[in-house]
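Residues per chain are reported as follows:
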Amino acid sequence: MSGPNNVRISLQNMSCASCVGRVERGLSGLPGVSDVRVNLASETAQAQIDGPERISDIVEKLEEIGYPVRTQSVRLNVASMSCASCVGRVDKALAAMPGVLDVNVNLASETATVTYLEGAVVVADLLKAAVDAGYPATLPQDSAREDTSARKDEEARRLARRTAMAAALALPVFLLEMGAHLIPGMHGLIGETIGHRASWLIQFGLTTVVLFWPGRSFYTLGFPALLKGAPDMNSLVAVGTSAAYLYSLVALFAPALLPEGSRAVYFEAAAVIVVLILLGRWLEARAKGRAGAAIHKLLGLQAKTARVVVGGEPQDVAIERITAGDILLVRPGERIAVDGEVTEGSARVDESMITGEPVPVAKSVGDPVTGGTVNGSGAFRFRATRVGADTTLARIIRMVEEAQGAKLPIQGLVDRITLWFVPAVMAFAALTVLVWLLAGPSPALSFAMVAGVSVLIIACPCAMGLATPTSIMVGTGRAAEMGVLFRKGDALQQLSTVDVVALDKTGTVTEGRPELTDLVLADGFDRAEVLALIAAVEAQSEHPIAEAILRAAEAEGVARHDAQKFTSITGYGVRAEVSGHDVLVGADRLMTHEGLDIGALADEERRLAERGRTALYAAIDGRVAAVIAVADPVKRSSAAAIRALHDLGLKVAMITGDKRETAEAIARETGIDHVIAGVLPDGKVAALDDLRGTGQHIAFVGDGINDAPALAHADVGIAIGTGTDVAIESADVVLMSGDLRGVVNALEVSRRTMRNIRQNLFWAFGYNVALIPVAAGLLYPVSGLLLSPVLAAGAMALSSVFVLTNALRLRRVRPAMDDAAKAATAPRMSPLPAE
């Protein structure tokens, strides 16, 4: 942008006239920024800037003074991208738009995600920028996800037809030219029958059809890109095959223009190169379709219709018409349409497609159900609670799409290299031709043409561009099938570098639902009566202990009483009058406060505490009647998962608000290495800093609202999917299975994917570094070997196919913990959480 330009930005946190003054002063003080006007009503700021680089200064300043800019993101479908150089040019074109903050172009999914300043950019300008760069872009329609899969299938079929047509036309050309060199007597046979000139004319005719019919896209895309000064893979193919074709035309129709020894045709090279590259593109298109299979599979889980109960009768209704509050009927074998809560009936629901868990889950009145899961047995009705884009399945699809479109830090270097790769190859090809013409043996012109075309054709920016995004697409997709959602793409790379896994306790290591484990009675008291009186008091409390006692009382079927004069004694316990009895329930300090002798039960209380139980006393009519023990069951898989983390070379820590004694009891049972106990909710961030020590990378696993700051502060935040929405939104990774096995699976996918990316990049760069000099003729002085352009085309196609095939191996990643490992630990009890 040259000269003064106007920029308009939407702001956050604007609430009064003083805000306007602060923003105006802040922006007016920036160099190159003038005529600042701030509008409180529209919450916008306008200013004149002397160059696009000032926008980043404005964004920084607004963030600093507390009025961050509002941003928006848009996902565009980008056509005509064929290699990594295309990615770089689309990225550069979109990033050059004033107001664009971030651009992420993905070759594998053929999309671009653009983050821009709200109000500073309109989407139409972004579309125009992509079109001007030679890569037409469109906005996805409502059914874009389904259309994308269908489009990729149609593209693969179209390429298959073009490849078959080109192969059928090129085969006679290949046989006529190469057969004469390879099959004894064929050269003479051609001369005695149709004649060599006629043979060349047939090759000319067939090759012309190949180039200008199935191969025409290389020229309609490649030459315009070259003329714009932004050559891509199509440009390399177009220049290389055109050189071979035009040289052959001269040899055929104007041989006098060439030296005697250089009069040869290379029609078969031009034709077969087009066939081989089309074959490679077809295989790429098929592999790209399989790379996005996870999204297609998730989309297949969405029901199209559902039975909504209207006036007492079920009616088939399109899923788009379902609203929150509707009552839906689900029969055995049917797919649940939306998220909801069971209101009538019971069933066993297969949730494996969402959580990765193969065991059907029992559902009864009050239990949640998830859209996309399948009812195995029993009919039930449920009330819709989340519909449309708010359902769990819709959120999962969004998370997977965002992760698949992410650009990892490792991709930055690749992008910088590939942006200049094609121009560098073309310059090297020109240098190769020049060296052969000046220093090559006779016929130097033929050698120069063969070497130059081989250099152009063998270079493979496609492999470089596909190396990272294809692995990300397949890896994150496979992770989603295993119940692991990477909300932020860079977490895929960061998780592979983690040294310590820190765990929240309640709901993460443990079930988060305490249970009554012991009720030890003093002499002269009856269990049923004592439990009934205690339950009546605890029915007035909201503490987790109260819930555990009430569940136990209900399970044992004890009598129900009403409590009167309920009082909560902060820090001690509770008191109430029940059926004429004065009942106290609380810690030992409550008994001491009331002057009651805990007597022989004190030993029982110590014994229970040593076993990791949370112990309370109950007193009735001035006598200590019982000691109550409550514990939070350790999840069945926790110990096995922690062992698996150790096997991966990781340390495991637990951060909890419990007393150290009870926390240590859990650590001993599960094999946790390090315990940080007695931590208040706002102290978990400091605890992570202590664990980080001298530069160790930390992953934190939690599920509650109080875990959100720690999830955001850790290098990688991992939320248990059964936790709160706040925790999930703060996390980088979400585990739908609800237990620690998902952490092991997430680490396994992360490490395998990063290893796969490194393999792809090694192959892509190594291939080009090794074979481009060979194509130029590096081995000719030593061995007399000069690579044929046909072999160069085959090698180039093989390079891209290798990268894609290697990435697709990630589809075979299995969960790191099998069924045997899942059941390796029996249910255990841990103390009641103090968090």
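Residues numbered from 1 in each chain as written. Predicted model: local features only at pLDDT ≥ 70, side-chain atom pairs only at ≥ 80, totals over all residues. Heavy atoms only, no water.

Draft legend 1. Representation of the sheet that holds strand 5 (residues 100-106) within the structure. One open sheet holds the four strands; their spatial order is 5-6-4-7, and the pairing between them is antiparallel. Two strands in the sheet have a free side with no partner beyond their single neighbour: strand 5 and strand 7 (137-138). Pairing between strand 4 (residues 71-78) and strand 6 (residues 111-117): seven bridges, direction antiparallel. The partner of Thr 71 across the bridge, within strand 6, is Leu 117. Sheet contacts for helix 3 (residues 84-95): strand 4, strand 5 and strand 6; angle to strand 5, the most-contacted strand, approximately 160 degrees. Sheet strands in contact with helix 4 (residues 123-132) are strand 4, strand 5, strand 6 and strand 7, and its direction is about 35 degrees off that of strand 4. (Pairing = 2+ DSSP bridges. Helix = DSSP H or I, 4+ residues; strand = E, 2+ residues; numbered from the N terminus. Contact = heavy atoms within 4.5 Å. Axes fitted to C-alpha atoms, helices over the stretch in contact; angles between N-to-C directions.)

Draft legend 2. Highlighting the packing of aromatic side chains. Taken as a whole and judged by the stated rule, the model has 14 aromatic pairs. On the numbers, 6.4 Å between centres and 20 degrees between planes, the contact of Phe 204 with Tyr 245 is stacked. Highlighted residues: Phe 204 in helix 7 (residues 196-212) and Tyr 245 in helix 9 (residues 233-253), separated in sequence by 41 residues. Each ring, one from Trp 436 and one from Phe 447, has its centre 5.4 Å from the other, and the planes form 20 degrees; the classification is stacked. (Phe/Tyr/Trp six-rings, centres within 6.5 Å; stacked < 30°, edge-to-face > 60°.)

Draft legend 3. Region of the structure containing unusual backbone geometry. Omega for the peptide link from Ser 442 to Pro 443 comes to -5 degrees, which places this bond in the cis form. Tracing the backbone shows Pro 443 in the loop between helix 15 (421-439) and helix 16 (444-458). Phi at Lys 565 is positive, roughly 50 degrees, even though this residue is not glycine. Take Lys 565: it is sitting in strand 20 (residues 563-569). Take Lys 565: its relative accessible area is 65%, and that puts it in the exposed class. Even without being glycine, Ser 579 reaches a positive phi, approximately 50 degrees. The topology assignment puts Ser 579 in the loop between strand 21 (573-578) and strand 22 (581-586). (Buried < 20%, exposed > 50% of the residue type's maximum accessible area, 1.4 Å probe, protein only.)

Draft legend 4. A look at the side chain of Ser 799. Here Ser 799 shows up in helix 31 (residues 789-808). Setting aside residues up to four positions removed in sequence, Ser 799 forms contacts with Cys 460, Ala 463, Trp 763 and Tyr 767.

Draft legend 5. Quick look at the environment of Tyr 219. You can see Tyr 219 is positioned in helix 8 (residues 216-227). Judged by its relative accessible area of 11%, Tyr 219 is buried. A C-alpha to C-alpha distance of 8.9 Å links Tyr 219 and Ser 242, two positions 23 residues apart in sequence. With sequence-adjacent residues up to four places away left out, Tyr 219 is seen in contact with Leu 211, Pro 224, Ala 238, Thr 241, Ser 242 and Val 274.

Draft legend 6. Just the confidence of the model for the protein chain, in detail. Of the residues in the protein chain, 89% reach a pLDDT of 70 or more, and the chain-wide mean stands at 82. In this model residues 819-835 is a low-confidence stretch, pLDDT under 50, and it forms 71 contacts with partners more than four residues away in sequence or in other chains. (pLDDT = per-residue confidence, 0-100.)

Draft legend 7. Representation of helix 7. A rise of 1.5 Å per residue sets the reference length of helix 7, with its 17 residues, at 24 Å; its end C-alpha atoms lie 24 Å apart and thus fit the reference within 8%. Among all positions of helix 7, only Ser 199, Gln 203, Thr 207, Val 210 and Leu 211 are buried. The buried side chains of helix 7 occupy one side of the element, clustering within an arc of 90 degrees when seen end-on. (Expected span 1.5 Å × (residues − 1). Arc of directions from axis to C-beta.)

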